[in-house]
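# Reading the structure
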Amino acid sequence: MLLISSFAVFAVFFVNVALGAFADRAFLGDVGEMLVLFVASVLFVIAILKKEADRSNEDDS
């Protein structure tokens, strides 16, 4: 679920950048883009660490 959330938030970032580059219609400013990309990165890292912990618990049992 966290990985899907990370990709969804990154998609919002990507759409904003694409709209800004091609249509000059970006809906987020610089700070907004930074926060969205930060949230996507944090969600991605949490998802990967959780998957690693689950896999480590499976290997130990």
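My aim in this report is to walk through the structure given alongside it, one point at a time.

Criteria and cut-off values
- Sequence order as written defines residue numbering, which begins from 1 separately in each chain.
- Residues qualify for local features only when their pLDDT is at least 70, as the model is predicted, and side-chain atom pairs are given and counted only at 80 or more; totals for whole chains, interfaces and linings, by contrast, use all residues.
- Excluded from the side-chain calculations are hydrogens and water; all other atoms, namely the structure's heavy atoms, are used.
- Numbering goes from the N terminus for both helices and strands, where a helix is a DSSP run of H or I of at least four residues and a strand is a run of E of at least two.
- Relative accessible area decides the class of each residue, using a 1.4 Å probe on protein chains only: under 20% of the type maximum gives buried, over 50% gives exposed, and in between gives partly exposed.
- Each patch is built from salt-bridge-free residues with over 30% relative accessible area, joining like charges within 9 Å and nonpolar side chains (Val, Leu, Ile, Met, Phe, Trp, Tyr) within 5 Å.
- Shrake-Rupley sampling with a 1.4 Å probe provides the accessible areas, and residues are treated as covered by the protein chains on show and by no other component.
- A side-chain nitrogen of Lys or Arg and a carboxyl oxygen of Asp or Glu constitute a salt bridge if their distance falls within 4 Å.
- Only heavy atoms matter for contacts: two residues are in contact if any of them lie within 4.5 Å across the pair.
- In this description, a line fitted to the C-alpha atoms serves as the axis of each element, helices being fitted only across the stretch in contact, and the angle between N-to-C directions of two axes falls anywhere from 0 to 180 degrees.
- For classification purposes, angles smaller than 35 degrees are called roughly parallel, those larger than 145 roughly antiparallel, those between 65 and 115 roughly perpendicular, and all remaining angles oblique.
- Less than a right angle of anticlockwise turn of the near helix away from the far helix marks a crossing as left-handed, whereas a clockwise turn marks it as right-handed.
- Throughout this entry, Asp, Glu, Lys and Arg are counted as charged residues, while Ala, Val, Leu, Ile, Met, Phe, Trp, Tyr, Cys and Pro are counted as nonpolar. The remaining residues, Gly among them, count as polar.

## Some words on unusual backbone geometry
A positive phi is found at Asp24, a non-glycine position, where the angle reads about 55°. Tracing the backbone through its elements, the reader meets Asp24 in the loop between α1 (2–22) and α2 (30–60). Here Asp24 falls in the exposed class, since its relative accessible area comes to 70%.

## Quick word on a nonpolar patch on the surface
Residues Phe10, Val12, Phe14, Val15, Leu19, Phe27 and Leu37 make up a contiguous nonpolar surface patch of roughly 590 Å² in combined accessible area. Examining the composition of the nonpolar patch, we find that 5 residues originate from one element, α1, more than from any other. Looking at the element boundaries, Phe10 is found in helix α1.

## Brief notes about the side chain of Asn16
Turning to its location among the elements, Asn16 is positioned in helix α1. According to the relative accessible area criterion, Asn16 is buried, its value standing at 0%. Setting aside residues no more than four positions away along its own chain, Asn16 makes contact with Ala26, Phe27, Leu28 and Glu33.

## With respect to the side chain of Ser6
Residue placement: Ser6 occurs in helix α1. When residues no more than four places from it in sequence are discounted, the contact partners of Ser6 are Ala40, Leu43 and Phe44.

## Regarding the pattern of salt bridges
If the charged atoms of two oppositely charged side chains come close together, the side chains can form a pair. Within the structure shown, the criterion is met by 1 salt bridge. With its nearest N and O atoms 3.4 Å apart, the salt bridge here joins Arg55 to Glu52. With Arg55 and Glu52 both in helix α2 and 3 residues apart, this pair spans about one turn of that helix.

## Details of the packing of α1 against α2
Interaxial distance between α1 and α2 falls to 8 Å at its minimum, and their mutual angle equals 155°. Classified by the angle their axes make, α1 and α2 are roughly antiparallel. Remark: the crossing between α1 and α2 carries left-handed chirality. Contact residues: α1 offers Leu2, Leu3, Ser5, Ser6, Val9, Phe10, Val12, Phe13, Asn16 and Val17, while α2 offers Glu33, Val36, Leu37, Val39, Ala40, Leu43, Phe44, Ile46, Ala47, Lys50 and Lys51. Here the residues of the contact of α1 with α2 are counted per class, giving 15 nonpolar, 3 polar and 3 charged.

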